[in-house]
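# Coordinate analysis (summary)
For reference, the chains in residue letters:
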Amino acid sequence: MAEALALERLVKTFGTTRALDRLDLSVQVGEVHGFLGPNGAGKTTALRVLLGLLRTDAGVVRLLGGDPWDDVVALHRRLAYVPGDVNLWPALSGGEVIDLLGRLRGGLDRTRRDELLERFELDPTKKGRAYSKGNRQKVALIAALAADVELYLLDEPTSGLDPVMEAEFRACVQEMRAEGRTVLLSSHILAEVEAVCDRVTIIRNGKAVETGSLADLRHLMRTTIAAELNGDARGLCALAGVHDVRADGERVAFEVDSEALDGTLRALADRGVRGLSVQPPTLEELFLRHYQDGGPAAREAPDSQTVCSDEGGSRR
Amino acid sequence: MSDFAGAGQLVRLALRRDRLLMPMWVAVFAFMATVSAAATAGMYPSLESRVQVAETANRSPSLVALYGKIYAPESLGAVAMWKMAGTGALMVALLGLIVAVRHTRAEEENGRLELIGAAAVGRFAALTAALLVAVLMNGALGLLTAAGLVAAGLPAAGSLAFGLSWAGVGVVFAGVGLVAAQLTRSARLATGIGAAVLGAFYLLRAVGDVQGGSGLAALSWLSPIGWGQRVQAFAGERWWVLLLLLGLTGALTGVAYLLVARRDLGSGLVPDRAGPAVAARSLRSPLALAWRLQRGALLGWSLGLLVLGAVFGSVASNVEGFVDDPDFREVIVRLGGERTLTDAFLTVELGVMGVVASAYGVQAAMRLRAEEAALRAEPLLATAVTRVRWAVGHVVVAVAGTTVVMAVAGLGSGAAHAAQVGDAAQVGRVFGAALAHLPAAWVLVGIVVLAFGLVPRFGAAGWAFLVAFFLLGELGPLLELDQRLLDLSPFAHTPRVPAAEVEVAPLLWLTAIAAALVGAGLVAFRHRDVG
Ligand SMILES: Nc1ncnc2c1ncn2[C@@H]1O[C@H](COP(=O)(O)OP(=O)(O)OP(=O)(O)O)[C@@H](O)[C@H]1O
Ligand SMILES: [Mg+2]
């Protein structure tokens, strides 16, 4: 697959703040790529670098085979952007803004524009200052989605949208994927990312901390198992891939790596199982783990009931 | 009382926000007055020299129109504070207006007030806080100025009267700002309305003052700026005139409270109309957008300058009769012929309009930074529009707009003057003279563009330069500053037409410098971060 855009070891500083710290990001043509990270992680900064709005301090930026700082006109004809902070001109109507941005990009498909206005239920005659937050967001969103381009850079495009509009947006992204277009979607809404993204990159403090398909990421997670055994829980600790075993008489709870699931269940069955609960890994957990300060390691506080020690550190 | 809840906190917040700017402006004004007083005392140490300069000034209609009259030629204070009571008061009024709008409508427009409004803050709190801040600032300005004048050796009573006249003018226009802030949704427009009112009052005073003994002289009494001068500091103080200023402030504030009670947070009194669903065909370039965003302001400024020009043009020929002393008249006639007095008047008034046109250019070019800071440049620059193309849109509007504004001023003056003297040729002559002021105004546009490219944070640098150049011209000769320093101001290089001959060389130089500044600004913008 061809590459739509890439950042390699990208560094961007604002005074003493290191907003991007050797960030790596690669998006393939035709994929919908989720871009996640806690507030202030550097997502908006990365998108602005991709648009040639910010100078970089070090690293490589490639966008649609060109350099975003030098080839502005040629590249921007091929992409559309929804800014993270949408500010409209107070005196211009929403319809005027959509038309203007479309024309400046190099042309606008009127039918597509009108269809989107209808789908997102936006009144295009209101003046910029008269729109509610969600409606302002819709103006920017429609201006971008109406563009017939290869690449869409969307910075929290659904912030402020109601659930119905949010669903409409997801449908639009699915259509874009079906048409082979590329989307880089920065978002805080995990359900949205889960619903539309092929791959995700999670960044923290300006660094990519995780990247891969959702299935890959799930695979990295551990399943939580709680069981009531007929026999003794001892010995479970010795199994490969089992962590955090907490035993209380005949009850036992532990976490297990995905690849060790099969063997572990056999081992449990050998001891005789009276009750069992299995919790599959959620994306939420993955994200929270990466979002929280101190990173993955810090969250593994050993329990007083831990019956056997574990290396305890990395979960990978 | 709950309507006023939280006003105290808002005052503290406002003072904190302006903790640098406000003391700085107060100090600048007090310093300006003090330095003027000290310099005048040094320059005209003897009574005769003072009386002579005062009588010359009082006989010169262009100076009386610009600054007003000197009410006591023998009083050092009256001579020293003459310009300060004229253009100085104008700037104090502008400061009061800007501060009032800044802490009411501007806060409301950017949504900060809503953030605060959610806390326990009454609906009159913001208005009350802005009023208190304006009163505090102008009070400090007046007292500090009075103290400075006393320190410069002027009598205490006159110093206090002068300081209070400034403070009074300042709070009146803060009141104007508070009313204007209720009328519109945009802080820019509110400031524009306030500035138009200020201009009208200044004009009333100017016209009234040059009328001498005729009935129209009463016009000055319709203007708060005129009241400030009629406190007659150092010339037999008339303290009661201060009550007029206070009374008008009270009335304006009352109107503002009535209006605020009748509208919702965030809205103006005039509701927004719906716009077109589809953009006009012409709205397809950064220049078209810049024009669309700035055309309203350009119309307002053009109208203002048309009126200003027409009024000055129509009084220009009357000034011949202003000089009733036949000896003095003969001196002038011998020096430069019959038309000299009129031409001298036109020259000075065109100079004033040149400064106003520069102010238009500065604020129009400052749109660049305003748009960028409001994150409205970002979506445009994400389309197939280069930075330079986007910026050039606003630069063209600023440069061409300055030209339009000055041309309108010249046409207004020329047409009115031609009608008065019955000589159609005057239209072209005055119009041409007006255009000579353009290159200097373009230089100011250039300075704003360069600041935008190099140091976007200092977005207000254009105003600082405009005020500095203006003050150099006003106070420089009085302070006997070095000529090289005075030459820093582009206004110093504009030929004194129509009184003097046109010199082309400085005009070409100024134009070239303006172009170089704009070019350098665009290059710098091309190489920096946007946002
Ligand atoms: N113009 C700027 N000047 C100084 N610091 C900046 C600037 N822009 C961004 N930063 C800093 O860079 C860091 C990354 O900010 P960025 O806006 O990219 O975060 P983000 O991931 O988009 O966050 P959010 O999820 O809140 O939108 C933050 O620490 C921010 O304060
Ligand atoms: Mg962001």
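Residues numbered from 1 in each chain as written. Chains lettered and ligands numbered in written order. Predicted model: local features only at pLDDT ≥ 70, side-chain atom pairs only at ≥ 80, totals over all residues. Heavy atoms only, no water.

So, on to empty space enclosed by the protein. The gaps of empty space that remain are located by a probe, the size of a water molecule, rolled over the atoms. On inspection of all chains with the given rule, the structure shows seven cavities of 30 Å³ or more. For the largest cavity, the calculated volume is near 160 Å³. Split by residue class, the lining of the largest cavity holds 12 nonpolar, five polar and one charged. By volume, the second largest cavity is sized at about 140 Å³. Together, 17 residues line the second largest cavity, and Y81(A), P83(A), L101(A), A140(A) and P379(B) are the ones closest to its centre. Elements that contribute at least two residues to the lining of the second largest cavity include exactly β5 (79-82), α3 (94-105) and α5 (133-145) of chain A. (1 Å grid on protein atoms, 1.4 Å probe; cavity = no way out; pocket = protein on both sides within 12 Å on 5 of 7 lines; lining within 4 Å. Points joined across faces, edges and corners; volume = space filled by probe spheres on them. Nonpolar A, V, L, I, M, F, W, Y, C, P; charged D, E, K, R; others polar. Helix = DSSP H or I, 4+ residues; strand = E, 2+ residues; numbered from the N terminus.)

A separate point is the site of ligand 1. Residues and elements named next belong to chain A. Close to ligand 1 lie 13 residues; G40, K43, T44, T45 and H188 are nearest. For ligand 1, an oxygen atom lies 2.8 Å from a polar atom in the backbone of G40. When isolated, ligand 1 has an accessible area of 640 Å², and the protein chains bury 64% of it. If you list the elements that add at least two residues to the shell around ligand 1, you get β2 (17-28) and α1 (43-50). (Near = heavy atom within 4 Å. Polar contact = N/O pair within 3.5 Å; in protein donor to acceptor, adjacent residues only side chain to side chain. Areas by Shrake-Rupley, 256 points an atom, 1.4 Å probe, with all protein chains shown as cover.)

Residues and elements named next belong to chain B. For chain B, the assigned domains are domain 1 (1-28 + 85-269) and domain 2 (283-531). Each of domain 1 and domain 2 was reduced to a C-alpha centroid, and the two centroids are 27 Å apart. In this complex, domain 1 contributes nine residues to the contact, which on the side of domain 2 involves 11 residues. Across the interface of domain 1 and domain 2, roughly 970 Å² is buried in total on both sides, 75% from carbon and sulfur atoms. (Domains from an automatic or database assignment. Contact = heavy atoms within 4.5 Å. Buried area = accessible area lost by both parts, 1.4 Å probe.)

What follows is about the sheet that holds strand β13 (residues 273-279) of chain A. All names here are of chain A. Judged by pairing direction, the sheet is antiparallel, and its four strands sit side by side in the order β11-β12-β10-β13 without closing on themselves. Two strands close off the open sheet at either side, each with one partner strand: β11 (242-248) and β13. Each neighbouring strand pair of the sheet contributes to a mean axis angle of 15 degrees, computed without reference to strand direction. As paired strands, strand β10 (residues 222-229) and strand β12 (residues 251-257) are joined by seven bridges and run antiparallel to one another. (Pairing = 2+ DSSP bridges. Axes fitted to C-alpha atoms, helices over the stretch in contact; angles between N-to-C directions.)

This next bit is on a nonpolar patch on the surface. All names here are of chain A. Taken together, L265, V273, L276 and V278 make up a surface patch of nonpolar side chains, about 310 Å² in accessible area. Top contributing element to the nonpolar patch by residue count: β13, with three residues. Position of L265 among the secondary structure elements: in helix α9 (residues 261-271). (Patch = residues over 30% accessible without salt bridge, like charges linked within 9 Å, V, L, I, M, F, W, Y side chains within 5 Å. Salt bridge = Lys/Arg side-chain N within 4 Å of Asp/Glu carboxyl O.)

So, on to the interface of chain A and chain B. How big an interface is tends to be stated in terms of accessible area lost as the parts join. If you look at the interface, chain A gives 39 residues, while chain B gives 38 residues. Summed over both partners, the interface of chain A with chain B comes to about 3,500 Å²; 57% of that surface belongs to carbon and sulfur atoms. It is W89(A), R103(A) and L104(A) in chain A that bury the most area against chain B; as a group they hold 21% of the surface buried on that side. The tally of links from chain A across to chain B stands at three salt bridges. A salt bridge links R292(B) to E96(A), with the nearest nitrogen and oxygen atoms 2.6 Å apart. Run the count over chain A and chain B and you get 26 residue pairs in polar contact (both at pLDDT 80 or more). Secondary structure elements with two or more residues in the side of chain A that touches chain B: β1 (3-14), α2 (72-76), β5, α3 and α4 (110-119) of chain A. For the side of chain A that touches chain B, the element with the highest residue contribution is α3(A), accounting for eight residues.

A separate point is the environment of R429(B). All names here are of chain B. Mapped onto the secondary structure, R429 falls in helix α21 (residues 425-435). Overall, R429 belongs to the partly exposed group, its relative accessible area being 32%. Placed 18 residues apart in sequence, R429 and L411 show a C-alpha to C-alpha distance of 9.7 Å. Engagement of the side chain of R429 in a polar contact is seen with the side chain of D343, the distance being 2.7 Å. A polar atom in the side chain of R429 sits 3.0 Å from the side chain of Q426. (Buried < 20%, exposed > 50% of the residue type's maximum accessible area, 1.4 Å probe, protein only.)

For the rest of this paragraph, the subject is the pattern of salt bridges. Residues and elements named next belong to chain B. According to the stated counting rule, one finds 36 salt bridges over all chains in the structure shown. Ionic pairing is found between R376 and E371, a salt bridge with its closest N-O pair at 3.3 Å. Of the two residues, R376 and E371, neither departs from the other in class, the shared state being buried. Between R528 and E372 there is a salt bridge, and its shortest N-O distance comes to 2.8 Å. Taken together, the residues R528 in the segment after α25 (504-526) and E372 in helix α18 (residues 367-373) connect sequence positions 156 residues apart. Judged by relative accessible area, which is 10%, R528 ranks as buried.

The next subject is the sheet that holds strand β7 (residues 182-186) of chain A. Residues and elements named next belong to chain A. Strand order in the open sheet formed by six strands is β5-β6-β7-β3-β8-β9, with mixed pairing between adjacent strands. The open sheet has two edge strands with one neighbour each: β5 and β9 (207-213). In this sheet, neighbouring strand axes are inclined to one another by 15 degrees on average, regardless of whether the strands run parallel or antiparallel. The sheet contact formed by strand β3 (residues 32-36) and β7 spans four bridges and is parallel. Bridge pairing links G34 to L185 in β7. Contacts between α1 and the sheet are confined to β3, β5, β6 (151-155), β7 and β8 (199-204), with β6 contributing the most and set at about 150 degrees to the helix.

The next subject is the domain arrangement of chain A. All names here are of chain A. In terms of domain boundaries, chain A breaks down into domain 1 (3-217) and domain 2 (222-306). Each side of the interface is counted separately: domain 1 has 12 residues, and domain 2 has 10 residues. Interface of domain 1 and domain 2: buried area, both sides summed, is about 990 Å²; carbon and sulfur atoms make up 69% of it. Its largest share of buried area at the contact with domain 2, domain 1 owes to L190, I202 and R204, together 50% of the area lost on that side.

Take unusual backbone geometry next. For the peptide bond that leads from V497(B) to P498(B), omega is 0 degrees, which places it in the cis range. With respect to the helices and strands, the residue P498(B) is situated in the loop between α24 (483-486) and α25. Of note, the phi angle at E156(A) is positive, near 45 degrees, even though the residue is not glycine. Its location among the elements puts E156(A) in the loop between β6 and α6 (163-178).

Turning to the nonpolar core, a few remarks are in order. Across soluble globular proteins, nonpolar side chains have a tendency to be buried as a group. Ranked by internal contacts, the top residues of the largest apolar core, which has 221 residues, are L153(A), W166(B) and W390(B). If we skip the residues at most four places from it in the chain, W166(B) touches F29(B), M32(B), A33(B), M84(B), A85(B), G88(B), A89(B), V92(B), L141(B) and T145(B). (Core = buried A, V, L, I, M, F, W, Y, C linked by side-chain atoms within 4.5 Å.)

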